[in-house]
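Next come the chains, spelled out residue by residue.
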Amino acid sequence: MYRTAVVENGFSYERFREDFIHSHTFHDSADADSRNDHLVNLGRIGSLLSTRQDLIQKYFNSALSQDEFRSCMKEFMIESPRMRARLLNLECYLSDESLRILTEAANDIPLFKRDVTPSDMDCLFNKCSPATGGPLVANSNEVLSYFFSRLNYKGIISNKYQTILADHGLVVRSTGSRPLTQTDISSALRHFEISENPVRSRVEKWVLLIKSSTLRPEEATT
């Protein structure tokens, strides 16, 4: 589907990704084990498509053997200790202007239960440390997960953002019970992407503005 849609027919990667997930959401098996296995598999592929476009481009441009597919999934799912040791931050440094726009976005969407400040966003994105104004509690796990996935898609933050958020305990679940785990984020993102949520367009608008603020003047005009 990737080769046909993106490589051969020029569809956008985002359109392909959403079409793939939607076209594999349901199946005919009635027993719980089959349905659970299907959900697990779709969740893994959905996360792969959402967070590792680099692997899709690396492995899926040509005919894919079973061994190559296993290598792709191994690279996606298994992190070596050396790699995990490097996951200290979101690999971004946002300017004061980018932090200002990010703060406006977080409060407008909204991403969190409370209004945030540029200092809160500096702690979250640049320092990967607890927010100065108190814990950041997700207003909606699904919307927050989608927002971060779009920041990753635009190259603003690391494609390991799910692991980093979880390992540092940076955002609390919308219920306030505990910090979001990587599984929470991945599952919430999958649920958002198979739904028709009207906040999607608002997220896209803000992500484009944030991306523009990170570009050099000559890049913004090209």
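Residues numbered from 1 in each chain as written. Predicted model: local features only at pLDDT ≥ 70, side-chain atom pairs only at ≥ 80, totals over all residues. Heavy atoms only, no water.

Asks: For the overall build of the chain, give the residues involved together with the corresponding values.
Replies: Scanning the chain for helices and strands turns up 13 helices and two strands. Taking 17 Å as the expected radius of gyration for a compact globule of 222 residues, we find that the chain reaches 18 Å, a close match to that expectation. In terms of overall dimensions, the chain has C-alpha extents of about 50 × 45 × 40 Å along its principal axes. Expressed as a percentage of the 222 residues in the chain, the buried residues total 44%. Pairs at least 24 residues apart make up 66% of the contacts formed inside the chain by residues separated by at least 6 positions. Here the chain has roughly 11800 Å² of accessible surface; of this, 52% comes from carbon and sulfur atoms. Averaging the coordinates of the 27 positive side-chain charges in the chain and doing the same for the 29 negative ones gives two points 3 Å apart. (Helix = DSSP H or I, 4+ residues; strand = E, 2+ residues; numbered from the N terminus. Rg over C-alpha atoms; globule rule 2.2 N^0.38 Å. Buried < 20%, exposed > 50% of the residue type's maximum accessible area, 1.4 Å probe, protein only. Contact = heavy atoms within 4.5 Å. Areas by Shrake-Rupley, 256 points an atom, 1.4 Å probe, with all protein chains shown as cover. Lys, Arg positive; Asp, Glu negative; His and termini not counted. Charge placed at Lys NZ, Arg CZ, Asp CG, Glu CD.)

Asks: Lay out the nonpolar core with the relevant residues and their values.
Replies: Among soluble globular proteins, nonpolar side chains are generally buried collectively. Core analysis: the biggest nonpolar cluster contains 41 residues, and Phe112, Met121, Leu124, Phe125, Phe147 and Phe148 have the highest contact counts within it. Those elements giving two or more residues to this core turn out to be α7 (96-108), α8 (118-127), α9 (141-153), α10 (161-168), α11 (182-193) and α12 (200-214). Element by element, the count of residues in this core is highest for α9, at six residues. Look past the residues within four positions of methionine 121 in its chain and what remains in contact with it is Leu99, Leu102, Thr103, Ala106, Phe112, Val116, Asn126 and Leu136. Core analysis: the second largest hydrophobic core is formed by 17 residues, Phe16, Leu49, Phe60 and Met73 among them. (Core = buried A, V, L, I, M, F, W, Y, C linked by side-chain atoms within 4.5 Å.)

Asks: Lay out the packing of aromatic side chains with the relevant residues and their values.
Replies: For any pair of aromatic rings, the description consists of the separation of the ring centres together with the inter-plane angle of the planes. Tallied over the entire structure, the rule returns nine aromatic pairs. Residues tyrosine 2 and phenylalanine 16 carry aromatic rings whose centres are separated by 5.4 Å and whose planes lie at 65 degrees to one another, so their mutual orientation is edge-to-face. Linking tyrosine 2 in helix α1 (residues 2-8) with phenylalanine 16 in helix α2 (residues 13-23), this pair joins segments that are 14 residues apart in sequence. Accessibility expressed as a relative area gives 5% for phenylalanine 16, which makes it buried. Each ring, one from tyrosine 146 and one from phenylalanine 192, has its centre 4.4 Å from the other, and the planes form 20 degrees; the classification is stacked. Highlighted residues: tyrosine 146 in helix α9 and phenylalanine 192 in helix α11, separated in sequence by 46 residues. Classification of phenylalanine 192 by relative accessible area gives buried; the value is 1%. Members of the aromatic cluster, each reached through a chain of ring pairs, are Tyr2, Tyr13, Phe16, Phe20 and Tyr153. (Phe/Tyr/Trp six-rings, centres within 6.5 Å; stacked < 30°, edge-to-face > 60°.)

Asks: I'd love a proper account of the pattern of salt bridges, names of residues and values included.
Replies: Scanning all chains against the criterion turns up 15 salt bridges. Here arginine 200 and glutamate 18 are joined by a salt bridge, their closest N and O atoms 2.9 Å apart. With arginine 200 in helix α12 and glutamate 18 in helix α2, this pair connects stretches of sequence that are 182 residues apart. The closest approach of N and O atoms between lysine 58 and glutamate 75, which form a salt bridge, is 3.1 Å. Remark: glutamate 75 occurs in helix α5 (residues 66-77) and lysine 58 occurs in helix α4 (residues 53-59); sequence separation between them is 17 residues. Its relative accessible area of 29% is what places glutamate 75 among the partly exposed residues. (Salt bridge = Lys/Arg side-chain N within 4 Å of Asp/Glu carboxyl O.)

Asks: Could you give an account of the packing of α2 against helix α3 (residues 32-51), with specific residues and numbers?
Replies: Put simply, α2 and α3 touch, their axes get as near as 10 Å, and they point 175 degrees apart. Considered as vectors, α2 and α3 are oriented roughly antiparallel to each other. Mapping the contact onto sequence places Tyr13, Phe16, Arg17, Phe20 and Ile21 in α2 and Leu42, Ile45, Gly46, Leu48, Leu49 and Ser50 in α3. For the contact of α2 with α3, a count of residues per class yields eight nonpolar, two polar and one charged. (Axes fitted to C-alpha atoms, helices over the stretch in contact; angles between N-to-C directions. Parallel < 35°, antiparallel > 145°, perpendicular 65-115°, else oblique. Nonpolar A, V, L, I, M, F, W, Y, C, P; charged D, E, K, R; others polar.)

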